[in-house]
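# Overview (structure and organization)
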Amino acid sequence: MAAQEEGTAPRAPIPLLTQYKMGERIELAHRVVLAPLTRQRSPGNAPQPHAAVYYAQRATAGGLLVTEATGVSAAAQGHRPTPGVWTAEQAAAWGPVVGAVHARGAVFFCQLWHVGRVVGELCPAPEPDGMMQQLQQQPVSSTDKGIGAQMHDGGVEEFATPRRLAAEEISGIVDDFRKAARNAIDAGMQRGRRTPLLCSPLLCYVLPAGFDGVEIHGAHGYIVEQFLKDSVNDREDDCGGSLENRCRFALEVVEAVAREVGGHRVGVRLSPFADYMDCHDSDPHALALYMSTKLNDYGILYLHMVEPRMARLDGRRVVPKRLLPYRQAFKGTFIVAGGYDREEGNKVVSEGYADLVAFGRLFLANPDLPRRFGLNAELNKYDRATFYTSDPVVGYTDYPFLDR
């Protein structure tokens, strides 16, 4: 960065790079958040050493990062090579990743995920005796309605038919979220003690073990949304029908997780206006307003909401910015996501429309995104073809920094 000219006043930071206090305990140096991004580079559903490199590259002192979607149970994963946090071994594997992020001074939240019915076709495999056995269990959901074929990466993806959860099974899914939240907060801890994670030849620093908090994934057509939205939820029990009933499962998950780890460590992500995986609602405004208001009852730290699809104005794409009623209803930190760039991000922070702005593809391709924003520097272009490949370097940790 160029030195400040002698005799000139220091330039005020852009709105995205101003400080922000999140809740009572977290001091952020800027408002640029790494959005949760599925990368599918976790064979065996455990984070690998390359994940520590990837997240540490994007960590800055006082920055906030949210992990890729992380499964709360074996049934929650589908069959993708995505990480989980339902076992002690997976939690231990997250330890070095969390340590690498904390060593950079950043705040790290783990996004908790259950795919519900979003599972590809079940593949039969021959047993040694010639019998056929399914490789995966039948997925579960609020419904037994399946997802129609979807175009994905130039091909057509088919999905398995889900099994409708019985009323008495729902509490088990809620408890999976609770246990996974505890595992995330304890990730990297050994025998209940916090251990040193960063050492130099002269000094060993004792760093916090475990994630700083968890984000409940209630967006993009996965199990929480499969209960929330009326295009999917066709139940006739206490978790279906009215708006209040359809929100019951989501709020039970929030309550269980907040009781387990404390509301000050909990965020929720919602996409009320999205239509993803055949999951949409006939009145997204009512859904968003009800959830934004009810979440205040649990004392959670933040609400992370996805904008409706971008529109075009005078030939350029603009963010619709239709989330103001929910920002006003929710009393904690409000994070927005969905197509933001430097200009739009600065605008919504300066106007008070949002407290923080989450960036996905821009942060994926620009590990030093906050610095580039500060300098108004040119951005790397992302390579869509490598979003979900298994390579631990290409399209993952090889995006260049400004000074490298």
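Within each chain, residues carry numbers counting from 1 in the order of the written sequence. Residue-level local features of this predicted model are given only where pLDDT is at least 70; pairs of side-chain atoms are given and counted only at 80 or more, and the full residue set underlies all totals for whole chains, interfaces and linings. As a convention, hydrogens and water are excluded, and side-chain values are obtained from all of the structure's heavy atoms.

### As for the nonpolar core
Here, nonpolar core means buried Ala, Val, Leu, Ile, Met, Phe, Trp, Tyr and Cys residues that are tied together by side-chain atoms lying within 4.5 Å of each other. When a residue's accessible area, from a 1.4 Å probe over protein chains only, is under 20% of the maximum for its type it is buried; when over 50% it is exposed; and in between it is partly exposed. Membership of the largest hydrophobic core comes to 85 residues, with the highest contact counts inside it found for Tyr55, Phe177 and Leu295. Counting from the N terminus, the helices are DSSP H or I runs at least four residues long and the strands are E runs at least two residues long. For this core, the element with the most residues is helix 6 (residues 248–261), which contributes 9 residues. In contact with Leu295, not counting residues within four places along its chain, are Leu251, Val254, Val268, Leu270, Ile300, Leu303 and Phe330. What makes two residues a contact is simply this: any of their non-hydrogen atoms within 4.5 Å.

### What about the confidence of the model for the protein?
Low pLDDT means the predicted coordinates in that region are not meant to be read closely. Confidence along the protein averages 90 in pLDDT terms, with 87% of residues attaining 70 or more. What pLDDT expresses is the predictor's confidence in each residue, scored from 0 to 100. In the predicted structure, residues 190–207 sits below a pLDDT of 50 and forms 21 contacts with residues beyond four places in sequence or in another chain.

### Focus on the packing of aromatic side chains
In this scheme Phe, Tyr and Trp rings, the latter by its six-membered ring, pair at centre separations within 6.5 Å, and the angle between planes marks the pair as stacked below 30 degrees, edge-to-face above 60, and tilted otherwise. Tallied over the full model, the rule gives 12 aromatic pairs. Here Tyr382 and Phe387 contribute two aromatic rings whose centre-to-centre distance is 5.6 Å and whose plane-to-plane angle is 45°, an arrangement assigned as tilted. A ring pair is formed by Phe387 and Tyr388, whose centres lie 6.1 Å apart and whose planes are at 80°; its orientation type is edge-to-face. Linked through ring pairs, Tyr54, Tyr55, Trp94, Phe108, Phe211 and Tyr396 together constitute an aromatic cluster.

### A short note on the pattern of salt bridges
Criterion for a salt bridge: a side-chain nitrogen of Lys or Arg within 4 Å of a carboxyl oxygen of Asp or Glu. All told, the structure shown has 17 salt bridges when counted by the stated rule. Linking Asp186 and Arg182 is a salt bridge whose minimum nitrogen-to-oxygen distance equals 3.4 Å. Placement of both Asp186 and Arg182 in helix 3 (residues 170–186) is noted, with a separation of 4 residues, approximately one turn of the helix. For Asp186, a relative accessible area of 30% gives the class partly exposed. Arg259 serves as the salt-bridge partner of Glu255, at 3.0 Å between the closest nitrogen and oxygen. You can see Glu255 and its partner Arg259 sitting in helix 6, 4 residues apart, about one turn around the helix. We classify Glu255 as partly exposed; its relative accessible area is 28%. Overlapping salt bridges, with partners in common, bring together Asp175, Arg178, Lys179, Arg182, Asp186 and Glu260 in one network.

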